[in-house]
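Descriptive analysis of the structure
Now for the letters of each chain:
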Amino acid sequence: MAYELIVIGTSLGGLSALKTLLGALPQDFSAALAVVQHRHRESDQGLGNFLQQFTVLPVHEVEDKERIQAGQVYLAPADYHLLVEYGYFSLSVDEPVSYARPSIDVLLESAADSYNERVIGVILTGANQDGVKGLSTLKARGGVAIVQDPNTAESPVLPKAAIAAIAVDAVLPLSQIAPRLMHLCAARGG
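None of the values given here were measured: they were computed from a predicted structure.

Criteria and thresholds
Residues numbered from 1 in each chain as written. Predicted model: local features only at pLDDT ≥ 70, side-chain atom pairs only at ≥ 80, totals over all residues. Heavy atoms only, no water. Helix = DSSP H or I, 4+ residues; strand = E, 2+ residues; numbered from the N terminus. Rg over C-alpha atoms; globule rule 2.2 N^0.38 Å. Buried < 20%, exposed > 50% of the residue type's maximum accessible area, 1.4 Å probe, protein only. Contact = heavy atoms within 4.5 Å. Areas by Shrake-Rupley, 256 points an atom, 1.4 Å probe, with all protein chains shown as cover. Lys, Arg positive; Asp, Glu negative; His and termini not counted. Charge placed at Lys NZ, Arg CZ, Asp CG, Glu CD. Pairing = 2+ DSSP bridges. Right-handed = clockwise from strand over helix to strand, strands pointing away. Phe/Tyr/Trp six-rings, centres within 6.5 Å; stacked < 30°, edge-to-face > 60°. Axes fitted to C-alpha atoms, helices over the stretch in contact; angles between N-to-C directions. UniProt positions renumbered as here; feature names shortened; annotations may be inferred. Left-handed = near helix turned anticlockwise from the far one by under 90°. Nonpolar A, V, L, I, M, F, W, Y, C, P; charged D, E, K, R; others polar.

Side note on the overall build of the protein
Scanning the protein for helices and strands turns up 6 helices and 9 strands. Relative to the 2.2 N^0.38 estimate, which gives 16 Å for 190 residues, the radius of gyration of the protein is 14 Å and therefore close to what a compact globule would have. Looking at the 190 residues of the protein, the share that counts as buried comes to 55%. Across the protein, contacts joining residues at least 24 apart in sequence account for 69% of those joining residues at least 6 apart. By element, 49% of the accessible surface of the protein is carried by carbon and sulfur atoms, the whole surface being about 8,000 Å². Considering the protein, the positive charge centre built from 13 side chains and the negative charge centre built from 20 side chains are found 5 Å apart.

Written out as structure tokens, the structure reads:
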């Protein structure tokens, strides 16, 4: 069974981490990618435009009820939780989780509930614990849990917390995460 969705969570230091990770993925990448990057609620859509410069994959902010398509990078809009339902996304203005909206936990937990063993969760650099609970849920539902090596993270708090709490499948330097994702998706006939 192919991996259909990769969910990525990051906060402090995430822009440069995302630049590296997304920039290394090929145009024919077989899974969709959904990203929560903590940012100020009044930030504009500049994040998508910024990241688009570094990747061949189409990058854009999610619209409510948007269908999920392989080979696309979907960004959680500022001040909205991004939720995954099988085949499409939804947006929510529920209360912040771990002081964050969008929350990494919300994305990862909803992806785990919808995609089970067809999802890969990736935790990158970050300065708080948002994402640990979600990655734990994703792993418990049969998904793959990958965490950036804290030694290569601009802010190691989140990766260290994830590694301490979860039996993750891989702890990788940032430069090795995209190759691992390509290998996993190819190995599963993604």
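With respect to the pairing of strand β1 (residues 5-10)
The element β1 is largely enclosed, with a buried count of 6 among its 6 residues. Taking every second residue as pointing to the same face, both faces of β1 are buried, with Leu5, Val7 and Gly9 on one and Ile6, Ile8 and Thr10 on the other. With 6 bridges joining them, β1 and strand β2 (residues 32-37) adopt parallel strand pairing. Of the residues in β2, the one forming a bridge with Gly9 is Val36. Crossover connection from β1 via helix α1 (residues 14-23) to parallel β2: handedness right-handed. In terms of strand pairing, β1 meets strand β7 (residues 119-123) through 5 bridges, oriented parallel. Directly across from Leu5, in β7, lies its bridge partner Val119.

Re the packing of aromatic side chains
Taken as a whole, this structure holds 3 aromatic pairs when the rule is applied. Ring centres 4.7 Å apart and planes at 55 degrees place the aromatic pair Tyr74 and Phe89 in the tilted group. Highlighted residues: Tyr74 in strand β4 (residues 73-75) and Phe89 in strand β6 (residues 88-92), separated in sequence by 15 residues. In terms of burial, Tyr74 and Phe89 fall into one category: buried.

Remarks on the sheet that holds strand β3 (residues 59-61)
Here 7 strands make up an open sheet; going across it, the order is β3-β4-β2-β1-β7-β8-β9 and the pairing parallel. Taken across any chain shown, the strands that pair with only one partner, and hence form the sheet edges, are β3 and β9 (170-172). Recorded for the sheet is a direction-independent mean angle of 20 degrees between the axes of neighbouring strands. Packing of α1 onto the sheet brings it into contact with β1, β2, β4, β7 and β8 (144-148), and relative to β2 it is tilted by some 170 degrees.

Regarding the UniProt feature "active site" (unreviewed entry) in the protein
In the numbering used here, UniProt assigns the "active site" (unreviewed entry) feature to Ser11, His38 and Asp130. Sequence-wise these annotated residues cover 120 residues; spatially they are packed, their C-alpha atoms never more than 9.6 Å apart. Position of Ser11 relative to the elements: it lies in the loop between β1 and α1. On the basis of relative accessible area, Ser11 is assigned to the buried category, the value being 8%. Those residues in contact with Ser11 that sit more than four places away from it in its chain are Gln37, His38, Thr125, Gly126, Ala127 and Asn128.

A look at the packing of α1 against helix α6 (residues 174-187)
When two helices pack together, you describe them by how their axes are tilted relative to each other and by the distance separating the axes. Contact geometry for α1 and α6: axes closest at 8 Å, N-to-C directions at 40 degrees. In the crossing of α1 with α6, the sense of the turn from one axis to the other is right-handed. Touching Ala17, Thr20 and Leu21 of α1 are Leu174, Ile177, Ala178 and Leu181, all from α6. Split into classes, the residues belonging to the contact of α1 with α6 amount to 6 nonpolar, 1 polar and no charged.

Remarks on the side chain of Ser114
Topologically, Ser114 is positioned in helix α3 (residues 104-115). Classification of Ser114 by relative accessible area gives buried; the value is 16%. With near-sequence residues (within four places) excluded, Ser114 lies in contact with Val84, Glu85 and Tyr86.

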